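For reference, the chains in residue letters:
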Amino acid sequence: MSEAILLVGGRGTRLRPLTTSTPKPLLRVAGVPFLAHQLARAAEAGVTRVVFATSYLAECFEAEFGTGDAFGLDLVYVTETEPLGTGGAIRNAARHLTCGGDEPVLVFNGDILSGLDVAGLRDGHAASGADVSLHLTRVPDPRAFGLVPTDPEGRVLGFLEKPTSDAEIVTDQVNAGCYVFTRTVIDRIPDGRPVSVERETFPALLAEGAHLRGVLDDSYWLDLGTPAAFVRGSADLVQGLVHSPALPGSPGQALVLASAHVDPLAVLTAGTTVCEGAVVEAGAIVEGSVVLPGSRVEADAVVHRSVVGRHAVVGTGSTLHDVVVGDSAYIGPHNEIPSGVRLACGTALAAQALRTSAPVQV
Ligand code: GTP
């Protein structure tokens, strides 16, 4: 028996409008809800029971995964009446654990794609006698992250806020969003109020002299919180740059789900996914993108590193670069949507309403 808590209650604001009606962890990544990859990897690591800590759009999770038979897992769903933050959510979900106080409990953020050796992290935790083990990863530009310096033995020395000057960049190690807690340590998190595990729990534990063990792992790691990271993570899975037992098919240039229709004269490259019921017409080029269920990319359109929402339409000859098209949005023919634009769900753009040189009004 090995138990885990999955944190999936966040609002996913950075991925709006995609997260307006679908919680971030359930967005399709490489053709399946993102969590399918995480659950499959957890099962592969020997996890047998997972407690979902839900809040935002809570009902969607059980509707998607039920009791967990498809993964050989026992799934339990817990809903917060008000969002409790990451630490409060762990504390609240722990009520539904069945393990003893000395047992290790895995905790996963529900938006991290990684190649971490999860079983190694858990088994090493037990052997080390640590209170908490934290997966750390190195990032090329640490300025956007809280930093986690460690001593040569891997013992965490501090939790530093995002650096504002080069002098504050004392390490390139950051919290990678996967932990192992000794069960009794979770029971010490304050109950019934919002708590941030990153900003409150870990610094407090350190101040009390607890043993926080940093485990640096340089395998694939990506936080899927932004549109750019979301499309990249999906494309990387499709191309096999990170392993997932839940990938529906073999790695390659593109993934086309059953009941999608791609014209033989369309070009799909760089890890594009075309989900169920979606259509890509002749002459369209779709590169490194996610085309969600029921949407349509019309003839000669170009879709580059973008997400096309459910039942959205990209009109004939339109071009999109680094764009998020909300569900049911309609882009008429021959538009050029500038990089970084997010079209709200249900937006309708007439033919040629937008050219890259024109002011953006969406
Ligand atoms: P943004 O709004 O775009 O920052 O995304 P987010 O809401 O997912 O926040 P963040 O990426 O910081 O959250 C990290 C992980 O914790 C994600 O898996 C969230 O689903 C989860 N999470 C964040 N806040 C809560 C909460 O209050 N309750 C629960 N149960 N999970 C949370």
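Residues numbered from 1 in each chain as written. Predicted model: local features only at pLDDT ≥ 70, side-chain atom pairs only at ≥ 80, totals over all residues. Heavy atoms only, no water.

**Structural notes on the sheet that holds strand E14 (residues 267-269)**
What the five strands build is an open sheet, ordered E14-E17-E20-E23-E26; its pairing is parallel. Looking along the sheet, the strands with just one partner apiece sit at the ends: E14 and strand E26 (336-337). In the sheet, strand E23 (residues 319-321) pairs with E26 via two bridges, with the strands oriented parallel. Following the sheet pairing, threonine 319 is matched in E26 by glutamate 336. (Pairing = 2+ DSSP bridges. Helix = DSSP H or I, 4+ residues; strand = E, 2+ residues; numbered from the N terminus.)

**Quick word on the site of the ligand**
Taken together, 19 residues lie near the ligand, and Leu7, Thr13, Glu80, Gly85 and Gly110 sit nearest. Contacts to the ligand include arginine 14, whose side-chain N or O atom sits 2.8 Å from an oxygen atom. Here a nitrogen atom of the ligand and a side-chain polar atom of glutamate 80 are 2.7 Å apart. Contact with the protein chains hides 82% of the accessible area of the ligand, taken as 610 Å² for the molecule alone. Tallied by class, residues from the shell around the ligand come to six nonpolar, eight polar and five charged. (Near = heavy atom within 4 Å. Polar contact = N/O pair within 3.5 Å; in protein donor to acceptor, adjacent residues only side chain to side chain. Areas by Shrake-Rupley, 256 points an atom, 1.4 Å probe, with all protein chains shown as cover. Nonpolar A, V, L, I, M, F, W, Y, C, P; charged D, E, K, R; others polar.)

**Comments concerning the sheet that holds strand E12 (residues 254-256)**
Read across the sheet, six strands follow the order E12-E15-E18-E21-E24-E27 without closing on themselves; strand pairing throughout is parallel. Where the open sheet ends on each side, the last strands, each with one partner, are E12 and strand E27 (342-343). Strand direction decides the pairing type here: strand E21 (residues 307-308) and strand E24 (residues 324-325), joined by two bridges, are parallel. What sits directly across from valine 307, in E24, is valine 324.

**Here we look at helix H7 (residues 227-238)**
Here H7 spans 17 Å end to end across 12 residues, near enough to the 16 Å set by a 1.5 Å rise per residue. Judged by how many residues are buried, H7 sits mostly within the fold: 10 of 12 residues are covered. The set of residues buried in H7 consists of Pro227, Ala229, Phe230, Val231, Gly233, Ser234, Ala235, Asp236, Leu237 and Val238. Count one or two residues on from H7 and you reach glycine 240, which has phi positive near 80 degrees. (Expected span 1.5 Å × (residues − 1). Buried < 20%, exposed > 50% of the residue type's maximum accessible area, 1.4 Å probe, protein only.)

**Some words on the side chain of threonine 54**
Its location among the elements puts threonine 54 in strand E4 (residues 49-54). Among all residues touching threonine 54, those that are not within four sequence positions of it are Val8, Gly9, Phe61, Val78, Thr79 and Glu80. (Contact = heavy atoms within 4.5 Å.)

**Re the nonpolar core**
Ranked by internal contacts, the top residues of the largest apolar core, which has 31 residues, are Ile5, Ile90, Val132, Leu134, Phe181 and Phe202. One finds Val32, Ala36, Leu106 and Phe108 within the second-largest nonpolar core, a separate group that totals 29 residues. (Core = buried A, V, L, I, M, F, W, Y, C linked by side-chain atoms within 4.5 Å.)

**Details of the pairing of strand E6 (residues 104-109)**
For E6, a buried count of five out of six residues is recorded, marking the element as mostly surrounded by other parts of the structure. Here E6 runs beside strand E9 (residues 173-182); their pairing, made up of five bridges, is antiparallel. Each bridged residue has a counterpart across the sheet, and for valine 107 the counterpart in E9 is tyrosine 179.

**Re helix H6 (residues 197-207)**
The complete set of buried residues in H6 reads Val197, Thr201, Phe202 and Leu205. Down the axis of H6, the smallest arc covering the buried residues is 85 degrees, so these residues share one side. Of the residues in H6, the exposed ones pointing more than 90 degrees away from the buried face are Arg199 and Ala207. Buried residues in H6 make contact with helix H3 (85-94), strand E8 (132-138), E9, helix H5 (183-186) and strand E10 (212-216). At the exit of H6 stands glycine 209, carrying a positive phi of roughly 90 degrees. (Arc of directions from axis to C-beta.)

**Structural notes on the pairing of strand E1 (residues 3-7)**
The buried fraction of E1 is high, at five of five residues. On E1, burial covers both faces: Glu3, Ile5 and Leu7 on one face and Ala4 and Leu6 on the other are all buried. Relative to E6, E1 runs parallel, the two being bridged by five bridges. Paired with glutamate 3 across the two strands is valine 105, which belongs to E6.

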